[in-house]
Amino acid sequence: MSQGYVAIGWNRQKRLYDGTIAAGVVLYLALFLGVGAAIHPEATIETLLIRGFGTCALLMLHIVLCIGPLCRLSPRFLPLLYNRRHLGVAMFLVALVHGGFSIIQFHALGDVNPLVSLLTANTRYGSLANFPFQPLGLAALVILFLMAATSHDFWLAQLTAPVWKRLHMAVYFAYGLIVAHVLLGVLQAERHPLLSGALGAGMIIVLGLHLLAGARERAADQEPAAGAAGAFVDVCGVEEIPENRARIVTLSGERVAIFRYDGKVSAVSNVCKHQNGPLGEGRIVDGCITCPWHGYQYLPDSGASPPPFTERVPTFNVRIADGRVLVDPRPNAPGTRVPPARA
Amino acid sequence: MIAPLRRAHRVLLLLLSLALAALFVAALRVRPAAPVNSQFPASLMRREGGGQ
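Residues numbered from 1 in each chain as written. Chains lettered and ligands numbered in written order. Predicted model: local features only at pLDDT ≥ 70, side-chain atom pairs only at ≥ 80, totals over all residues.

A. View of the overall build of chain B. For chain B, the count of helices and strands is 2 helices and 0 strands. Within chain B, buried positions represent 6% of all 52 residues. (Helix = DSSP H or I, 4+ residues; strand = E, 2+ residues; numbered from the N terminus. Buried ≥ 20, exposed ≤ 12 C-beta atoms within 10 Å, placed from the backbone.)

B. Looking closely at the overall build of chain A. Looking only at helices and strands, one finds 11 helices and 11 strands in chain A. Dimensions of chain A, computed from C-alpha atoms along their principal axes, come out at roughly 80 × 40 × 35 Å. A burial count over chain A gives 34% of its 343 residues as buried. Taking all contacts inside chain A whose residues are at least 6 apart in sequence as the whole, residues at least 24 apart take part in 55%. (Contact = placed C-beta atoms within 7 Å.)

C. Examining the environment of Pro 300 of chain A more closely. With respect to the helices and strands, the residue Pro 300 of chain A is situated in the loop between β7 (297-298) and β8 (315-316). Sequence separation between Pro 300 of chain A and Gly 208 of chain A is 92 residues; the distance between their C-alpha atoms is 35 Å.

D. Quick look at the interface of chain A and chain B. Taken together, the contacts link 35 residues of chain A with 26 residues of chain B. Looking at the side of chain A that touches chain B, the elements that each hand over two or more residues are α2 (45-73), α4 (84-107), α9 (171-184), α10 (186-189) and α11 (193-220) of chain A. Here the element with the most residues in the side of chain A that touches chain B is α11 of chain A; it accounts for 8 residues. Of the residues contributing to the side of chain A that touches chain B, the split by class is 16 nonpolar, 13 polar and 6 charged. (Nonpolar A, V, L, I, M, F, W, Y, C, P; charged D, E, K, R; others polar.)

E. Looking closely at the nonpolar core. All names here are of chain A. Membership of the largest hydrophobic core comes to 71 residues, with the highest contact counts inside it found for Met 91, Ile 258 and Val 327. A total of 12 residues in this core trace back to one element, the largest contributor, which is α2. For Met 91, the residues in contact, after removing those within four places along its chain, are Ala 57, Met 60, Leu 61 and Val 64. (Core = buried A, V, L, I, M, F, W, Y, C linked by C-beta atoms within 7 Å.)

F. Quick look at unusual backbone geometry. Residue and element names in this part refer to chain A. In this chain, Pro 307 is followed by Pro 308 through a cis amide linkage whose omega measures 10 degrees. For Asn 244, which is not glycine, the phi torsion reads 65 degrees and is therefore positive. Turning to its location among the elements, Asn 244 is positioned in the loop between β1 (233-237) and β2 (245-251). The partly exposed category is assigned to Asn 244, around which 17 C-beta atoms lie within 10 Å. The phi angle at Asp 262 is positive, at roughly 50 degrees, despite the residue not being glycine. Structurally, Asp 262 is set in the loop between β3 (254-261) and β4 (264-269).

G. Seen up close, the packing of helix α1 (residues 12-39) of chain A against α2 of chain A. All names here are of chain A. Two elements in contact, α1 and α2, have axes whose closest approach is 9 Å; the angle formed by their N-to-C orientations is 135 degrees. Between α1 and α2, the angle falls in the class oblique. Considering the relative orientation of α1 and α2, their crossing is right-handed. Of the residues in α2, those in contact with Val 25, Tyr 28, Leu 29, Phe 32, Leu 33, Gly 36 and Ala 37 of α1 are Leu 48, Gly 52, Thr 55 and Cys 56. Across the contact of α1 with α2, the residue classes break down as 8 nonpolar, 3 polar and no charged. (Axes fitted to C-alpha atoms, helices over the stretch in contact; angles between N-to-C directions. Parallel < 35°, antiparallel > 145°, perpendicular 65-115°, else oblique. Left-handed = near helix turned anticlockwise from the far one by under 90°.)

H. Seen up close, α9 of chain A. Between its terminal C-alpha atoms α9 of chain A stretches 20 Å, which fits the 20 Å expected from 14 residues at 1.5 Å a residue. Among the 14 residues that make up α9 of chain A, 11 are buried, leaving the element largely enclosed by the rest of the structure. (Expected span 1.5 Å × (residues − 1).)

I. Main features of the pairing of β3 of chain A. Residues and elements named next belong to chain A. Of all the 8 residues making up β3, 8 are buried; the element is thus mostly covered by neighbouring parts of the structure. A two-sided burial pattern is seen for β3, the buried positions comprising Glu 254, Val 256, Ile 258 and Arg 260 on one face and Arg 255, Ala 257, Phe 259 and Tyr 261 on the other. Bridge count between β2 and β3: 7 bridges; the pairing is antiparallel. What sits directly across from Ile 248, in β3, is Ala 257. Where β2 folds back onto β3 in an antiparallel hairpin, the turn is made up of 2 residues, including Ser 252, whose phi is positive at roughly 50 degrees. Taken together, the 6 bridges between β3 and β4 define a ladder with antiparallel strand orientation. By the bridge assignment for β4, Tyr 261 is matched with Lys 264. What sits between β3 and β4 in their antiparallel hairpin is a turn of 2 residues, with Asp 262 showing a positive phi close to 50 degrees. (Pairing = 2+ DSSP bridges.)

J. Spotlight on the environment of Arg 330 of chain A. For Arg 330 of chain A, the position within the fold is in the loop between β10 (324-327) and β11 (341-342). In the structure, Arg 330 of chain A is positioned 15 residues away from Thr 315 of chain A in sequence and 9.1 Å away in space, judged by C-alpha atoms.

K. The sheet that holds β1 of chain A, seen in detail. Residue and element names in this part refer to chain A. Taking strand neighbours across the sheet as the criterion, the 3 strands line up as β1-β10-β9 in an open arrangement whose pairing is antiparallel. Of all the strands in the sheet, just β1 and β9 (318-321) have a single pairing partner and so form its edges. Pairs of neighbouring strands in the sheet enclose a mean axial angle of 30 degrees, with direction left out of account. Two strands pair when backbone bridges link them, and β9 and β10 are joined in this way by 4 bridges, in the antiparallel orientation. Looking at β10, one finds that Arg 319 is bridged to Leu 326.

L. Layout of the packing of helix α6 (residues 134-149) of chain A against α9 of chain A. Residues and elements named next belong to chain A. One way to put it is that α6 packs onto α9 with a least axis distance of 8 Å and a crossing angle of 155 degrees. Looking at the two axes, α6 sits roughly antiparallel to α9. Crossing of α6 against α9: the hand is left-handed. On the side of α6, the interface is formed by Leu 136, Gly 137, Ala 139, Ala 140, Ile 143, Leu 144 and Met 147, while α9 contributes Val 171, Phe 173, Ala 174, Leu 177, Ile 178, Ala 180 and His 181. In terms of residue class, the contact of α6 with α9 is made up of 12 nonpolar, 2 polar and no charged.

Interpretation note: all reported values are geometric properties and have no functional meaning in isolation.
Quick look at the structure:
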């Protein structure tokens, strides 16, 4: 949580996660270089390295982008989300090697500054077939750098969650730039259907998963019928909420997590203060609502993190009548204690 | 605050999907018949003493 900052809070799971990433990158590059050299003996080692690191970064970006919607579709994928930032930073480093090698190979041996050469060597912006695809890759790399450089809770706190989240949503813009970089670059020269097919399949998986998850959430956001203005809304039966877990409902356009625990029912905003994680998909651990994404904790009756932590989420007034849970759709100020309703 | 953002993200995602699908089709259609790209051969040419 937020009591202090260290570069990386190492634990066994993070070491395992990062070890798997490093092993995967090394294995991929070894396979790419070996198979590439066998199939294309005319290719230089520089070309193979550029393409090996480029395709590796592209593959890693697809994996990074799939983790979010997969977790929204099934909680089984949550362990992948826990350390997604490390995968993102590793992907940036691999992409940086690709970009660095490419600039050295294609732009560093002339009498013009390599970056100037990259931006001015081809200015045929009006031609799709000859479009200057390299600046697209550079623009994507700049975005990925900003994201990698701010992938730490320190920057999350400094920038505030809304700004940080918006900055990191730029990954989708970077993804578009990278797809265009590949389509208008290497795929203009390499015509094997396997290559364009692989990129197309990757796009379908990434975008399809996002659209599917979005459609699911849109359906889940349908609000229960509201009564008179200011009235409590009947959201569900007490027995419909599993013990130490929550039911998520949408009230006044925002999601509310209604937790049942120790014979009590409390309602808080579904949005974790850390990274907007879905609190209602977490559970009560040691008496605290625990976010499924990164383990941030809140007391269910007040929405406040236990001392010494300072995060607070809005709470909602709750009543129980005839075995039904009734919730006032108007949120209380973050951290406001509300007596739990007795189940 | 979060719900309007979520809706905006869904719309942007849909637009991104459509734009990338259109680009995918257009980029593959304009590919030259022969595998020629003036921005790429440098590495291959250098091995044969050409290129830069």
